[in-house]
Amino acid sequence: MKQLITLPFLLFSLLCCKLTTAQDNFIAKPYLQIGRTPSPDNLQLLWHAPDNDADWTVEYRMGTSGPWKKTAVPTSIRVAVAGIEPHRVYNAALTGLTPGGKFTYRVLQGKKEVFTAEGQASKASTQPYRFVAFADIGAETAAQKKLATQAMLAKPDMVVVPGDIVYERGLISEYRSRFWPIYNADQTTAEGAPLLRSVPMIVAPGNHDTDTRDLNKYPDALAYFYYWNQPLNGPQGVEGGPMVPTLTASADNRTAFQTAAGDAYLKMANYSFDYGNAHWTVLDSNPYVDFTDKTITDWVAADLASPAAQKATWRFVMFHHPGFNSSREHFEQQHMRLLSPVFEQGKVDVVFNGHVHNYQRSYPMTFVPDKKGVLLVASMGSTKARGRVVNGRWTLDKSFDGKTNTKPSGIIYLVTGAGGQELYNPEQNNDPDSWQKFTTKFYSNINSLTVVDINDKTMTVKQIDVDGKELDSFKITR
Ligand SMILES: [Fe+2]
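Residues take numbers from 1 onward in each chain, read along the sequence in its written order. Only residues with pLDDT of 70 or above have their local features reported here, since the model is predicted, and side-chain atom pairs are shown and tallied only from 80 upward, although totals for entire chains, interfaces and linings are computed over all residues. With hydrogens and water stripped out, all remaining heavy atoms of the structure feed into the side-chain values.

1. What about the nonpolar core?
Part 1 of the reasoning: Ranked by internal contacts, the top residues of the largest apolar core, which has 107 residues, are F179, W280 and F343.
Part 2 of the reasoning: Filtering out sequence-adjacent residues up to four positions away, F179 remains in contact with I137, I165, V166, E174, L196, M201 and W228.
Part 3 of the reasoning: By nonpolar core we mean a set of buried residues, namely Ala, Val, Leu, Ile, Met, Phe, Trp, Tyr and Cys, connected to one another through side-chain atoms within 4.5 Å. Throughout, exposure labels follow a simple rule: accessible area from a 1.4 Å probe, protein chains only, divided by the maximum for the residue type, with under 20% read as buried, over 50% as exposed, and the rest as partly exposed. Ranked by size, the runner-up nonpolar core spans 20 residues in total, among them L45, Y105, A117 and A121. Any two residues whose heavy atoms approach within 4.5 Å are treated as being in contact.

See the structure below:
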């Protein structure tokens, strides 16, 4: 069809070109991370930019006035994997922050300010704080976008994601359409919110993030390892060992990936950190990990027994695949049940999971697995693990109601996987007979997120749906 060039069309085109030019400084706009050594007085600021030697500087100040302080020269890694225009991931260290304080920062290219935002430092152990948790998020759905907005409206101090950050394969290209524009939008609208530039987001690897290990087919897979800046204090994995599958990659594809990922590859799958008065242990729960192997369970036990963990008021564990799940979907993937005794020994309070696209809360519980369970493989003759059926004996604390009795006996397991992806088993929402005995709350007919307030020895948890309506709420006191 013949295209008529009208004046409004021409103006629109010019405006688009102008906008494109203004955005060219960034491939992904600045976002805050807890970094390798998290502390209430430091954060890392990351951004992605074209592959050239631009003169970047970052300046910041506590509050909104006072003299600007310059960070050390930003470092960068080059991401030059096949199929994607080479680009750089920059990183500037914001140090000397006031714990929990608001600060303003600006990014300059040459001498020109190209980005500015307000951020917030991590809370110290004496300060109350709020975090949002949601998993299975980057699916480019209307629900995901609405929940990004709900997360922003909750004014969290940090956001945690128990896996499946970006669908379908955690590719660079998928981050660009399904993740950055939604969680780091310039304004809070129905399309997204400026969450990532304001507070740190902390992520665990889900199957959609790190299960794709064929870099010949998908050279821009495993972006998890170079886009997130998190601690490297976990166990060192070995390719082909009990924690890390073997990469399928030509020499060129492997080099390109490893150059971008650096030490994060083989280190950043499992890690721990402290935030406020809580200790967090984050695990790679993908079924390619052999949870009957002692390397990982010994590390979890040692981490939970560490002075930092035992000194903390709260101990949280975050990973993707729930051990305790009432959905028919993924029901057979019970391998994480094997770690329950280790969590109990370490006095874990709450476990945050995703993978199952709905919300589920367990009773406070303890669990004794029968031996090591039965390994399931993906198909006949396959060696690829799909999961493990783990029977055992659970003990439920039904006297805890989170209202009048707020002292649980055992661990509460939360599935908060309704963060954006298509819901699983909505037909079970009103069918409590289909729930497992350990489940006390189950919402599978609406997308939702978890909002947690910690004030010293009191923890208040609320599950909020896409429209801001409260689905569940309970309190734990120590
Ligand atoms: Fe998943």
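2. Thoughts on the domain arrangement of the chain
Part 1 of the reasoning: Along its sequence, the chain is organised into domain 1 (17-120) and domain 2 (129-477).
Part 2 of the reasoning: The straight-line distance from the C-alpha centre of domain 1 to that of domain 2 is 27 Å.
Part 3 of the reasoning: By definition, the buried area sums, over both parts, the 1.4 Å-probe accessible area that each loses when the two are put together. Overall, the association of domain 1 and domain 2 removes approximately 2600 Å² of surface from exposure, summing both partners, and the carbon and sulfur fraction of that is 56%.
Part 4 of the reasoning: Three residues stand out in domain 1 for area buried against domain 2, namely Q33, I34 and R36, and they jointly supply 25% of the buried area on that side.
Part 5 of the reasoning: Salt bridge, as used here, is a side-chain nitrogen of Lys or Arg placed within 4 Å of a carboxyl oxygen of Asp or Glu. Between K29 and D186 there is a salt bridge, and its shortest N-O distance comes to 2.9 Å.
Part 6 of the reasoning: Between N or O atoms, a polar contact is any pair within 3.5 Å; within protein, one atom must be a potential hydrogen donor and the other a potential acceptor, and residues adjacent in sequence are included only when both atoms are from side chains. On inspection of domain 1 and its partner domain 2, the count reaches 14 residue pairs in polar contact (both at pLDDT 80 or more).
Part 7 of the reasoning: For the side of domain 1 that touches domain 2, the elements supplying multiple residues, two or more each, are β1 (28-33), β2 (43-50), β5 (75-79), β6 (87-94) and β8 (112-120). Delimitation of the domains relies on an automatic or database domain assignment. Helix and strand labels come from DSSP, where a helix needs a run of H or I of at least four residues and a strand needs a run of E of at least two; each type is numbered from the N terminus.

3. Re the coordination of the iron ion
Part 1 of the reasoning: Sites may look incomplete, because water is not among the atoms used; the donor set itself consists of N, O and S atoms within 2.8 Å of the metal (3.2 Å for Na, K and Ca). On the protein side, the iron ion has D164 (OD), N207 (OD1), H320 (NE2) and H355 (ND1) as donor atoms, found 2.1 to 2.2 Å from it.
Part 2 of the reasoning: Tetrahedral means four donors with every angle between 85 and 135 degrees, whereas square planar (four donors) and octahedral (six donors) require angles over 155 degrees between opposite donors and between 65 and 115 for all others; sites fitting neither are termed irregular. One way to put it: the four donor atoms around the iron ion meet at angles of 85 to 168°, and that makes the site irregular.

4. Points about the side chain of T212
Part 1 of the reasoning: Along the chain, T212 falls in the loop between α5 (207-210) and α6 (224-227).
Part 2 of the reasoning: In this structure the side chain of T212 is engaged in a polar contact, spanning 3.2 Å, whose partner is the side chain of R169.

5. Examining the pattern of salt bridges
Part 1 of the reasoning: For the coordinates displayed, the defined rule picks out 21 salt bridges.
Part 2 of the reasoning: Among the ionic pairs, E191 bridges to K145, the shortest N-O distance being 3.4 Å. Of this pair, E191 sits in the loop between α4 (180-183) and β11 (201-203) while K145 sits in helix α2 (residues 142-153), and the two are 46 residues apart along the sequence.
Part 3 of the reasoning: Taking relative accessible area as the criterion, K145 reaches 17% and is therefore assigned buried.
Part 4 of the reasoning: D472 serves as the salt-bridge partner of R361, at 2.9 Å between the closest nitrogen and oxygen. On the criterion of sequence distance, the pair formed by R361 in strand β16 (residues 359-362) and D472 in strand β25 (residues 470-477) is long-range, its members being 111 residues apart. The exposure classification of R361 matches that of D472, with both residues buried.
Part 5 of the reasoning: Three or more residues joined by partner-sharing salt bridges are found here, namely D51, D53, R78 and R88.

6. A word on the sheet that holds β6
The pairing of strands in a sheet comes from backbone hydrogen bonds and takes either a parallel or an antiparallel form.
Part 1 of the reasoning: A pair of strands counts as paired when DSSP detects no fewer than two bridges linking them. If you walk across this open sheet you meet the four strands as β1-β2-β6-β5, and the pairing is antiparallel. Two strands lie at the open edges of the sheet, namely β1 and β5, each paired on one side alone. Averaged over all neighbouring strand pairs, the angle between strand axes comes to 20°, with direction disregarded.
Part 2 of the reasoning: Pairing geometry for β1 and β2, over four bridges, is antiparallel. Looking at β2, one finds that Q33 is bridged to Q44. A fitted line through C-alpha atoms represents every axis, and for helices the fit uses only the stretch in contact; the resulting angles, taken between N-to-C directions, go from 0 to 180 degrees.

7. Looking at unusual backbone geometry
Part 1 of the reasoning: Omega for the bond connecting Y167 with E168 falls within 30 degrees of zero, at 0°, which places this linkage in the cis form.
Part 2 of the reasoning: Structurally, the position occupied by E168 is in the loop between β10 (158-161) and α3 (172-178).
Part 3 of the reasoning: Phi at K155 takes a positive value of approximately 50°, unusual for a residue other than glycine.
Part 4 of the reasoning: Along the chain, K155 falls in the loop between α2 and β10.
Part 5 of the reasoning: In this structure K155 comes out as exposed when scored by relative accessible area, which is 67%.
Part 6 of the reasoning: Non-glycine residue L222 carries a positive phi angle of around 65°.
Part 7 of the reasoning: In this fold, L222 is placed in the loop between α5 and α6.
Part 8 of the reasoning: The exposure class of L222 is buried, given its relative accessible area of 0%.

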